[in-house]
Amino acid sequence: MALATVTAALVSGMMVSGSGPVVAHAMVEPSVRSVTASLRSDLEKYLDDQGTKDHFSAVSLRVTYADQRPDISVDVGTSRYGGGRPVNSEAMWQIGSNTKAFTSVLLLQLEAEGKLSMRDKLGKWLPEYPAWRDVTIKQLLSMTSGIPSYTEQSAFLKDFDANSSTRFTLERLMSYVEDLPLGPAKYEYSNTNYLLAQMIVERASHDTYDEQLAERIIEPLGMNDTCLPPDCPPGTASRMPTPYSTHSELPKHLNKSVPPLGLSWAQGAGGLVSSLRDMTAWNRALYSGQLLPPAQQRELESLVSMKTSKPIKNVTADDPFGFGLGLVKIVHPVAGTVWFYEGATYGNRVLHMYFPETGMIIAIAVNSAVGEEDTLPDLAGTVYETLSARKATGSPTAPVAPEPAA
């Protein structure tokens, strides 16, 4: 769930090289069958190359477009490591910190209704945390609060490793950090921010977080495969490839399974379960402005540099990572400037990329956590290259991989 790990992988393995992109000629729509076959080859190679190293058995991909072209779904591997039934497009996944944008949208909708302001301080909504009273809601959502992350605390990790089926309450999760000092008000990824945001949703709406999710997002968008454990329909777990932990800080669970619906430790910071079909429907609504008035959409997409902590209008090659309110924008060396997020739990990774110029969405899921090196962003780049080569990106002049420097 920690984006810092993903960012490190991007910084180390995906920086732009060379003098500039090569531009392809005008594209015509390809055969879906041909594209699907090429993408399947990409996924099978990735599973062969990385599956043993990162202890996962399944890779799923979904590509959707803003126009009437059919969606593309490709799935390879099996539901559990070493065997099991083949994974298919009906699979459901722990989507991790992709959940954060849901939490942000709830708060921004409440702001649009006049029930709160992004400038409100925690002292107004959560006076039980006096040390954090001057932190604003926007600082929570933009990861600039200075509040430490409970998931980085050794006591939490020890408790989770002792029993991954533990039902964590918000109070217990907050107990891991509430006595720690407040850090500087700069960009620092902290899952605690979004637990606090969840609490504010409940107090401002006089409703539960999961009811607000259902009423405002899940039901209006027809996201029938999306739920917040433990309130998931019967049979949900049976649709989920077995999640595997690869975290060295969880030694008892290293390369072992974790409960598919054991997400009480994540809640509004990363606790949702969904299918890639629902994920791409959500992403399209999120980025196309279907969920918020224009003023709140601009707030959602306002960026803080993950390098300097300063507000930025857009990302650049020199400052390639910007954090919005539960969103991330990056300069990808292959795909260009895109909205991007990789949510990682202790058993799954789910990545999406949204292309603002064309409306194309790429979503990828695997059934293990981040290991020593996260290569899922590289796979996203490979998928984009295949779509570009097969003229399936939807762009009349789609860039492909940069040439190496001379």
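Located above this text is the structure these notes cover.
What comes next is a walk through the structure. Please read all numbers here as calculations on a predicted model, not as lab measurements.

Rules behind the numbers
Residues numbered from 1 in each chain as written. Predicted model: local features only at pLDDT ≥ 70, side-chain atom pairs only at ≥ 80, totals over all residues. Heavy atoms only, no water. Helix = DSSP H or I, 4+ residues; strand = E, 2+ residues; numbered from the N terminus. Buried < 20%, exposed > 50% of the residue type's maximum accessible area, 1.4 Å probe, protein only. Contact = heavy atoms within 4.5 Å. Areas by Shrake-Rupley, 256 points an atom, 1.4 Å probe, with all protein chains shown as cover. Phe/Tyr/Trp six-rings, centres within 6.5 Å; stacked < 30°, edge-to-face > 60°. Lys NZ or Arg CZ within 6 Å of the ring centre and 35° of its normal. Pairing = 2+ DSSP bridges. Polar contact = N/O pair within 3.5 Å; in protein donor to acceptor, adjacent residues only side chain to side chain.

Broken down by element type, the protein chain carries 12 helices and 14 strands. Counting over 406 residues, the protein chain shows a buried share of 58%. Of the contacts made within the protein chain by residues no fewer than 6 positions apart, 68% connect residues no fewer than 24 positions apart. Per element, the accessible surface of the protein chain, about 16400 Å² overall, is 51% carbon and sulfur.

The omega angle of the peptide bond from Pro 229 to Pro 230 is 10 degrees, so this bond is cis rather than trans. Mapped onto the elements, Pro 230 comes out in the loop between helix H9 (209-218) and strand E5 (244-245). Phi at Lys 391 takes a positive value of approximately 60 degrees, unusual for a residue other than glycine.

This part covers the packing of aromatic side chains. A complete count under the given rule lists 18 aromatic pairs for this structure. Measuring from centroid to centroid gives 5.7 Å for Tyr 46 and Phe 56, while their planes differ by 20 degrees, and the two rings are stacked. Linking Tyr 46 in helix H2 (residues 32-54) with Phe 56 in the loop between H2 and strand E1 (58-64), this pair joins segments that are 10 residues apart in sequence. A residue is classified by how much of its surface remains accessible, and Phe 56, at 1% relative accessible area, is buried. One Lys or Arg, Lys 100, reaches over the ring of Tyr 194 and ends 5.6 Å from the middle of that ring.

A few words on the sheet that holds strand E11 (residues 328-332). Strand order in the open sheet formed by 10 strands is E3-E2-E1-E14-E13-E12-E11-E10-E8-E9, with antiparallel pairing between adjacent strands. The sheet terminates laterally at strand E3 (83-86) and strand E9 (311-312), the two strands that pair on one side only. Where strand E8 (residues 303-305) and E9 come together, two bridges link them in antiparallel fashion. Note that in E9 the partner of Val 304 across the bridge is Pro 311.

Within the secondary structure, Thr 192 is located in helix H8 (residues 192-205). Side-chain polar atoms of Thr 192 contact the backbone oxygen of Pro 148, separated by 2.7 Å.

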